[in-house]
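Residue-level structural notes
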Amino acid sequence: MANIAVQRIKREFKEVLKSEETSKNQIKVDLVDENFTELKGEIAGPPDTPYEGGRYQLEIKIPETYPFNPPKVRFITKIWHPNISSVTGAICLDILKDQWAAAMTLRTVLLSLQALLAAAEPDDPQDAVVANQYKQNPEMFKQTARLWSHVYAGAPSSSPEYTRKIDKLCAMGFDKVSGPHVTKRFLLGQ
């Protein structure tokens, strides 16, 4: 990696670690390799969203051309969100694409991703199925997003009824993390 990129990302890495704002918002970053080309981020689901209480892992790859090009970021933790692929974790966010500016930082990216969880853009989706559900059936979207948050991100279950149904599924022989598709159909009576 170019010297300018290494120096810059080292400084930004330290900035995230020391930032009161990222600490308050439960945002973390760790090194994956010693040359700062790959990082692991973690953001907390924002309050008053279906993601609340969840912890979302991110893969962050720093290109050789950083800071002139954005980092490559994707969700490792599965998430049900219009702007994030439910399959690959790819993210549709303007600052990670054509609206990136060299003045932006790793802290900006992580805070923006957390804000995206609280303010979806269904008209510019990464996952059309999720965006359609978000627009056509908002309550079903919230239930599905909460379920995925619980199953994949460790968020607390949202209701005693939910817990009862999960226990019933487990008694039938299903693994608690066997996947939201079977679980969702059962929970929603489909």
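Residues numbered from 1 in each chain as written. Predicted model: local features only at pLDDT ≥ 70, side-chain atom pairs only at ≥ 80, totals over all residues. Heavy atoms only, no water.

**What to know about the pairing of strand β4 (residues 72-75)**
Spelled out, the test is: Each residue is assigned to one of three classes by its accessible area relative to the maximum for its type, calculated with a 1.4 Å probe on protein chains only: buried under 20%, partly exposed between the two thresholds, exposed over 50%. Under the scheme used here, helices are H or I runs from DSSP no shorter than 4 residues and strands are E runs no shorter than 2 residues, and both carry numbers assigned from the N terminus. In this description, strands pair whenever DSSP reports at least two bridges between them.
Residues V73 and F75 line the buried face of β4, whereas the alternating positions K72 and R74 sit on a face that is not buried. Sheet topology note: the strand β3 (residues 55-61)/β4 ladder contains four bridges and is antiparallel. In the sheet register, E59 faces β4, and the bridge partner there is R74.

**As for the UniProt feature "active site" (unreviewed entry) in the protein chain**
For clarity, the threshold we go by: UniProt positions are given in the numbering used here, feature names are shortened, and annotations may be inferred rather than shown by experiment. Contact between two residues is taken to exist if any of their heavy atoms lie within 4.5 Å; hydrogens are not considered.
In the numbering adopted here, UniProt assigns the feature "active site" (unreviewed entry) to C92. Beyond its immediate sequence surroundings of up to four residues, C92 is in contact with N83, K97, L116, D124, P125 and Q126.

**Topic: the pattern of salt bridges**
For the record, the criterion: Here, a salt bridge means any Lys or Arg side-chain nitrogen found within 4 Å of an Asp or Glu carboxyl oxygen.
One pass over the full model with this rule turns up seven salt bridges. Salt-bridge contacts for E21 lead to R107; the nearest nitrogen and oxygen are separated by 3.5 Å. With E21 in helix α2 (residues 20-24) and R107 in helix α3 (residues 106-118), this pair connects stretches of sequence that are 86 residues apart. A relative accessible area of 24% means that R107 is categorised as partly exposed. Between R74 and E59 there is a salt bridge whose closest N-O contact spans 3.1 Å. Highlighted residues: R74 in strand β4 and E59 in strand β3, separated in sequence by 15 residues. Salt bridges sharing common partners tie together E15, E21 and R107.

**Section: the sheet that holds β4**
Rules: In this analysis, axes come from line fits to C-alpha atoms, helices being fitted only over the stretch in contact, and the angle between any two N-to-C directions falls in the range 0 to 180 degrees.
Taken in spatial order, the four strands line up as β1-β2-β3-β4 in an open sheet, and their pairing is antiparallel. A strand with exactly one partner marks an edge of an open sheet, and here the two such strands are β1 (27-31) and β4. Taken pair by pair, the neighbouring strands of this sheet meet at an average axis angle of 25 degrees, ignoring direction. Sheet contacts for helix α1 (residues 3-18): β1 and β2 (38-44); angle to β1, the most-contacted strand, approximately 140 degrees.

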